[in-house]
Each structure stands twice: as C-alpha cells, then as structure tokens.
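Understanding the architecture of this molecule
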Amino acid sequence: MAWRIHDQGGLPATLRAAVIGLTSTKRLVIVYEIVRVSGGAEFIITTTTPTADARSDPMTAPVQDGLLRGQGPGLGAVALAHPFAERTMLHVLRRRADDRRDHRWLVFDGEDTLTFGEAQSAVNRVAHAVVATVSPGAHIGLLLRNQVEFIPALYGTMAAASVGVPINAEARGTVLHHVIEDSDIRILITRPDMLDRLRELDELAALELIVVCDRSAGGLPAEIAGTPIVAWDAWQGGRAPSAPLDLPHAWDTATIQFTSGTTGRSKGAVYPHHFFYLYSATQADSQERVADDVLTTPLPLYHAAALHHVAGAALHVGCTAHLSSKFSASGFWPAAADAGATFAIILGAMAQIMLKTVPVVPPHRLEHVFCVPPPPDIGAFERHFGVTLWWQGYGMTEISPIPMPSRMEPDVPADTVGHPCSWFDYGVVDAHDLPVPTGEVGQLVFRPLIPHAMASEYYKRPDATVEALRNGMFHTGDMATLDDAGRVHYRGRGSDRIRVRGENVTAAELEAVACEHEVVLEAAAYAVPGEFGEDEIKLDVRCPDAIDLAILHEWLTERLPKFMVPRYLEQRTEFPRTGTQKIEKFRLAREPLERPTVVEFPPSRRSAT
C-alpha cells in the first residue's frame, strides 16, 4: 500500500492523522503522524516505535519495521530558501537571474559559458520551442555530452511543463532504442556526431522531431527514418526570452533519470521537481557552499554527480561550475588550476589512475575532492595532490539520503558513508525486511519523511516499483552494515557479492587489494559459474603495459584469504562502462571463459584445519 498526501491550502494550523497499513498477517501496524509546518504544505511523517523485538513472532506479538531515525543534518538554509510549492530548480534560476544576473554559472571545457541571466533567457527560449512543438507533459530526450546546450535543453523542457529525459551519451543500438521507446520520447535533442547511431536503428518509436546542436557550416539531413531534423538555432534561437508558462510546482514531474544499468537493463526513475531540487540543495547545505566557490568535474551531466553536486549546487548558491566533456588524468589538474576550482568530484578509478600516472601537479586552489570509493591510500592522494579528500556520503539515482559532509568523521574505516539525514528512516534488513543485528550484512533501505523527496516510481515499470518500495521502504540493492553508533558502512552492490565455497566475497574488497599492485590501474572482480553450483571468481585488471598474470596471481595469493583468491585472471585494455564510468560487470560476465586471454589457475582449497 502507498499513500500520497497533498496540502490543498485548507488545512488547519495543525493536523494530526493516522494512516494504518496492515500486512497480509493483519499484525503489522505502522502509524504516521502528519504535522503541518508553518509556511505551507510541508509534512513531517514519523513512525511509532513499539518496544517489541522486531524479530518476534508476528502471530503472537506486535511487530515494528525496525528502521532507525537518521542522526544526520536536517533541511538547511539552502533547502529551505523557497516555500515548499516553489522548490523547483526553475524558481532557483529565476532568483539567481535577478540577484546575480551577470555572474558566470556554467563553463564548458574552459570555453563556452552561460551567466545566470543568459541561462534564464536560453531556458525560456527552449521552453517556447517545446510548447510550440508538442503538448504539455511530453517527454524530451537529451542525447548530449557536457556542452552549453545541455542545461537550457533540460531546464527549458521543464519550464514547458514537459519532462526531460537525459540519455547516456555512449548509448547506441538496442540500448539507445530501449531508452527512446521505453520513455516515450517525442523530441530528441542531440549532436551531429550522434546521428549515425539513430540511422542504425530500425525505427524511432514515438519520436516526432530531432533537434541537432550543429555548429558546423555543413548542412544537416532532412530526416532519419521519417523523423524530421531541425538545427538547434533554427528551432529555439528566435524565441522570446520570457517564460511561456507559469513555473511548475514541487510535486510536478521534472525528469526521468535512467539508472546506470550496471547489473542489467536500465530503468527510468521518475523525479518530482522537489527531489530534483533537494538532491543539489542538501549537498550545498552539507558542504557549506558559498558564492565564491568554483566547482568542477569531468563527470557527465546526464548523471547525478555533475547535474546535482556541481551544476545544481552552483545554481543554489550562485557560484560557478566548470564541466569537462571528457576525463583526462594528465589534463585534469591544469584545467582545475586554470578554472580556479575550489572543489571537484571524481570517481575512485579516476583517483587511482591519477595517483599512478600524474607525477607533477601545477599550483591550484582545489581544497576538497569528493571521491567514491576512495583510493586505497587516502593519505598518499592527499599529500601528492595537496587536497583534502571527501569520501563519506551516499546517494544513487533514486534517492540521496546521506549528503557528503564538509568534514570527514575521523577514525572510521573507508567503507563508512555516514549518518542519514534526520528526515529519513533507514536500516539494514534481511530477505524478509527484518532488521539484522549490528555488524551483520544486509540490504540498505530508506524511507523519506517529507513528500516528493525521492524518485516516485520507475516509468512504465510497476513491477520494479512495487519490488523496490515493498513494505513501505525503498530497497537500494546495496549491501551494508550498521555500527553501534548507527553509521552506515557500505559493503557493495547486492549483485557484487560472490559466494565461493561457503564464503561471501565482496568484490570491492578484492578489487582494492588488486589495485595496491604497482602496475594495476583498475580491477573488476565478479562471479563466474563454478563446478558445483557455487561461484568462482574472475578478476580482470587494466594495466599500462603487459603483465605476467601468473606473477600477479602469486602476488594476490600472498595477500588474500584462500577463498578470495581468483580462479581466473584476464588483462584488458579497456572496460565497458556506464556514463558515470562504472564498470559494466554484467557484460564481462557474459563472455566465455574459453578464450586465449583468460588464464585459469587451480582452485584455492581450504586447509583441513
């Protein structure tokens, strides 16, 4: 069961209501207390806390769901800067265009720029173009890289009361067709160098128009598969710079954000405007962002880190964001120095590559770098690059419950992601959604206590929606433990655990050891079929030069428990990746083991003792 509660403006100053949900056993009772907050339509939802043991027999005693209340920050000044109904990024942009109109907001590859005022005008021109092309509520796809048209295209779509659908810029073939068809895209905004991918498709589903951001002097084709093509400037360039419609409300739909798809076909997570707003607002609050900050990242805008942690956070506080269209280990630091960046966000694999391949760092202003997972030697990275590494925090496409703090909690292991916000309930549960004991691995779950604070559903996937939200809690698919203080410790994806001869192996732990080898830049550990129904471990490594895999296997054997030693090793020049540079292990696991590049070693057996 699920309930949606909206304030229509006629409620008394304080409203208390009970919502009772019963499980199929008719014994599980959860009561929510809804209290109206001054200033409008915001509710804080709290659960009762029965004293009975959550593992008691549900037929003989009351049962609680066993979730904990978050001990992290509440909503801060940035998040609360707008009344609830106006918590959309379009309202924030309107405010920034008024108070910091000529300040640079976005810079792409050090060249193309948008001030807040220019961005507002560009967004409105796109909104007029969308309104003139399709009916309200239409879905508009963005097949773009980090480029100056991205934010006007996305925000302009939302300003037209329509829904933006950012698409992984590496998508092609059946993956690209799946997103276009599955999300009912009517207009696709893309680049000239991506048109060949559309030509490769047999048909373009419901697509009615292709808009191409073409800066070349060459002409564009008139159509692809019967779908007309128009140039970006011709489509939106002459439109009015004023808003065509009233701005949306916090509860309206903003975007469909596709999951990375590291374990299978990606799903479209439907974002209300409030969640789109909160994702960046809570980061800006937690990191104590100010207008003098300069943020940078090489990560793509079609995923959360660049879109929310960098571009969105910069909009909230009125500072500048630099975005690169690609990652270069050697080019990252000169670009950050030229930008005057004070903060950057990168991925763990990028940090490891930098540490092993960048011997000299130019003078720079970078103070903090957020990196998850952190490199094996955090101190070495900080000393070499002269920065403080931030590595605590947790978020995913569908939810962002633990924003990165401005100060790392000291004396905790590197798997610590911290304390969830105070407006979340959270826990670690078993296969039956019962809480597991402190220190025991289970699935990490959350429940936001304010409305429209996470993705509302998976688009056209009611089965996946029900599965993810069963028993009134969002199931992340990530494994975790809790310590005695209630901190969350990340233990990897549920699908990233390998069962080997009765032992559970966490792929991330094995990969971290492998990356300690002086020539291993990246590693990917995953399960392959074993002889007796359990798993064997395959470890793929990426190194700058050829490596003797037998020597590497011996090196691993000296450093790993026997059950963690991989049965198969393979050296690769590249890994298949998602748009956020996560390795797509499910693609690696599909490949046959009977290939010349795969080296098999005798299985490690436990000793008799």
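What you are looking at is a predicted structure, and each value in this text was computed from that prediction instead of being measured. (Residues numbered from 1 in each chain as written. Predicted model: local features only at pLDDT ≥ 70, side-chain atom pairs only at ≥ 80, totals over all residues. Heavy atoms only, no water.)

Next up on the list: the overall build of the protein. Within the protein one finds 15 helices and 31 strands. Taking all 609 residues of the protein together, 56% fall into the buried category. Sequence-distant contacts in the protein: of pairs separated by 6 or more residues, those separated by 24 or more amount to 66%. Summing over all exposed atoms, the protein offers an accessible surface of approximately 25500 Å²; the carbon and sulfur share of this is 52%. (Helix = DSSP H or I, 4+ residues; strand = E, 2+ residues; numbered from the N terminus. Buried < 20%, exposed > 50% of the residue type's maximum accessible area, 1.4 Å probe, protein only. Contact = heavy atoms within 4.5 Å. Areas by Shrake-Rupley, 256 points an atom, 1.4 Å probe, with all protein chains shown as cover.)

On the basis of which strands lie adjacent, the open sheet formed by seven strands has the order β6-β5-β16-β15-β17-β18-β19 and mixed pairing. What marks the edges here is a single partner per strand, and that holds for β6 (112-115) and β19 (388-390). Between one strand and the next, the sheet's axes are offset by a mean angle of 20°, whatever the strand orientation. Note that strand β15 (residues 294-297) and strand β16 (residues 320-323) share four bridges and pair parallel. By the bridge assignment, T296 is partnered in β16 with H322. Sheet strands touched by helix α2 (residues 116-133): β5 (104-108) and β6. Its angle to β6, the strand with the most contacts, is close to 90°. (Pairing = 2+ DSSP bridges. Axes fitted to C-alpha atoms, helices over the stretch in contact; angles between N-to-C directions.)

Along the polypeptide, S121 turns up in helix α2. Exposure remark for S121: the relative accessible area of 13% places this residue in the buried category. If sequence neighbours within four positions are ignored, S121 has contacts with R101 and P241.

Counting across every chain of the model gives 33 salt bridges. Taking the shortest distance from any N to any O, the salt bridge between D425 and R69 comes out at 2.6 Å. Here R69 lies in strand β4 (residues 68-69) and D425 lies in strand β21 (residues 424-429), a separation of 356 residues in the sequence. Put simply, R96 and D99 hold a salt bridge, and the shortest N to O gap is 2.7 Å. Note that R96 and D99 are positioned in helix α1 (residues 89-99) at a spacing of three residues, about one turn of the helix. In this structure D99 comes out as partly exposed when scored by relative accessible area, which is 45%. Through salt bridges with shared partners, a single ionic network connects K538, D540, E570, R572, E591 and R595. (Salt bridge = Lys/Arg side-chain N within 4 Å of Asp/Glu carboxyl O.)

Now for the confidence of the model for the protein. Per-residue confidence for the protein gives a mean pLDDT of 86; residues scoring 70 or more make up 85%. Within the model, the stretch residues 1-64 combines pLDDT values under 50 with 102 contacts to residues more than four positions away or in other chains. (pLDDT = per-residue confidence, 0-100.)

All right, on to the packing of helix α9 (residues 329-339) against helix α10 (residues 348-357) then. Running from N to C, α9 and α10 cross one another at 95°; their axes reach a closest spacing of 9 Å. One way to sum up the angle between α9 and α10 is to call them roughly perpendicular. Along its contact with α9, which presents A329, F332 and W333, the element α10 presents I353, M354 and T357. The residue makeup of the contact of α9 with α10, split by class, is five nonpolar, one polar and no charged. (Parallel < 35°, antiparallel > 145°, perpendicular 65-115°, else oblique. Nonpolar A, V, L, I, M, F, W, Y, C, P; charged D, E, K, R; others polar.)

Here we come to the packing of aromatic side chains. Overall, the coordinates contain 16 aromatic pairs when judged by the stated rule. Arranged with centres 6.0 Å apart and planes meeting at 55°, the rings of W105 and Y155 form a pair that is tilted. Taken as a pair, W105 in strand β5 and Y155 in helix α3 (residues 150-159) lie far apart in primary sequence, 50 residues in all. Y155 matches W105 in its accessibility class, with the two residues each being buried. For the pair F343 and W390, a centre-to-centre distance of 5.7 Å together with 40° between the ring planes defines the contact as tilted. (Phe/Tyr/Trp six-rings, centres within 6.5 Å; stacked < 30°, edge-to-face > 60°.)

Moving on to α2. Relative to the 26 Å expected for 18 residues at 1.5 Å per residue, α2 spans 26 Å between its end C-alpha atoms, a close match to the ideal helical length. Looking only at α2, the buried set comprises F116, G117, A119, Q120, S121, A122, V123, N124, V126, A127, A129 and V130. (Expected span 1.5 Å × (residues − 1).)

The four strands are arranged β28-β29-β30-β31 in an open sheet whose pairing can be described as mixed. Looking along the sheet, the strands with just one partner apiece sit at the ends: β28 (522-529) and β31 (598-600). Recorded for the sheet is a direction-independent mean angle of 25° between the axes of neighbouring strands. Two strands pair when backbone bridges link them, and strand β29 (residues 535-542) and strand β30 (residues 568-572) are joined in this way by five bridges, in the parallel orientation.

Moving on, we come to the pairing of β16. Of the two faces of β16, the one lined by T320 and H322 and the one lined by A321 and L323 are each fully buried. At this point the chain moves from β15, through helix α8 (residues 304-317), to the parallel β16, and the crossover so formed is right-handed. (Right-handed = clockwise from strand over helix to strand, strands pointing away.)

Here we come to the nonpolar core. Core analysis: the largest hydrophobic core is formed by 145 residues, its most contacted members being W105, Y155, I189, L198, W235 and W333. Here this core takes 10 residues from α8, the largest share from any one element. Among the nonpolar cores identified, the runner-up in size contains 25 residues, and I498, L510, V513 and W555 belong to it. (Core = buried A, V, L, I, M, F, W, Y, C linked by side-chain atoms within 4.5 Å.)

A separate point is the state of the cysteines. Counted under the stated rule, the structure contains zero disulfides. For C515, which is in no disulfide, the shortest distance to another cysteine sulfur is to C543 and amounts to 9.2 Å. (Disulfide = S-S within 2.5 Å.)

Extensive coverage of β21 is indicated by the burial of six of its six residues. The alternating pattern of β21 places F424, Y426 and V428 and D425, G427 and V429 on opposite faces, both of which are buried. Both β4 and β21 contribute to a ladder of two bridges, which runs antiparallel. Bridge pairing links R69 to D425 in β21. Judged from the six bridges that link them, β21 and strand β22 (residues 442-448) form a sheet pairing that is antiparallel. The residue of β22 that forms the bridge with D425 is R447.

Moving on to unusual backbone geometry. Most peptide bonds take the trans form, and the phi angle of most residues other than glycine is negative. In this chain, V372 is followed by P373 through a cis amide linkage whose omega measures -10°. Looking at where P373 falls in the secondary structure, it is placed in the loop between β18 (368-372) and α11 (378-385). Here the phi dihedral of D184 falls at roughly 55°; this positive angle occurs in a residue that is not glycine. Looking at the secondary structure, you find D184 in the loop between α4 (173-182) and β9 (185-190).

Turning our eyes to something else, we now look at the side chain of Q257. For Q257, the position within the fold is in strand β13 (residues 253-258). For Q257, a relative accessible area of 2% corresponds to the buried category. A polar atom in the side chain of Q257 sits 2.6 Å from the backbone oxygen of Y302. (Polar contact = N/O pair within 3.5 Å; in protein donor to acceptor, adjacent residues only side chain to side chain.)

α8 packs onto α1 with a crossing angle of 50° between their chain directions and a minimal axis gap of 8 Å. Overall, the two elements α1 and α8 adopt an arrangement that is oblique. Taken as a pair, α1 and α8 cross one another with a handedness that is left-handed. Across the interface between the two elements, M89, V92, L93 and R96 of α1 pack against G312, L315, H316 and V317 of α8. Residues of the contact of α1 with α8, tallied by class, amount to five nonpolar, two polar and one charged. (Left-handed = near helix turned anticlockwise from the far one by under 90°.)

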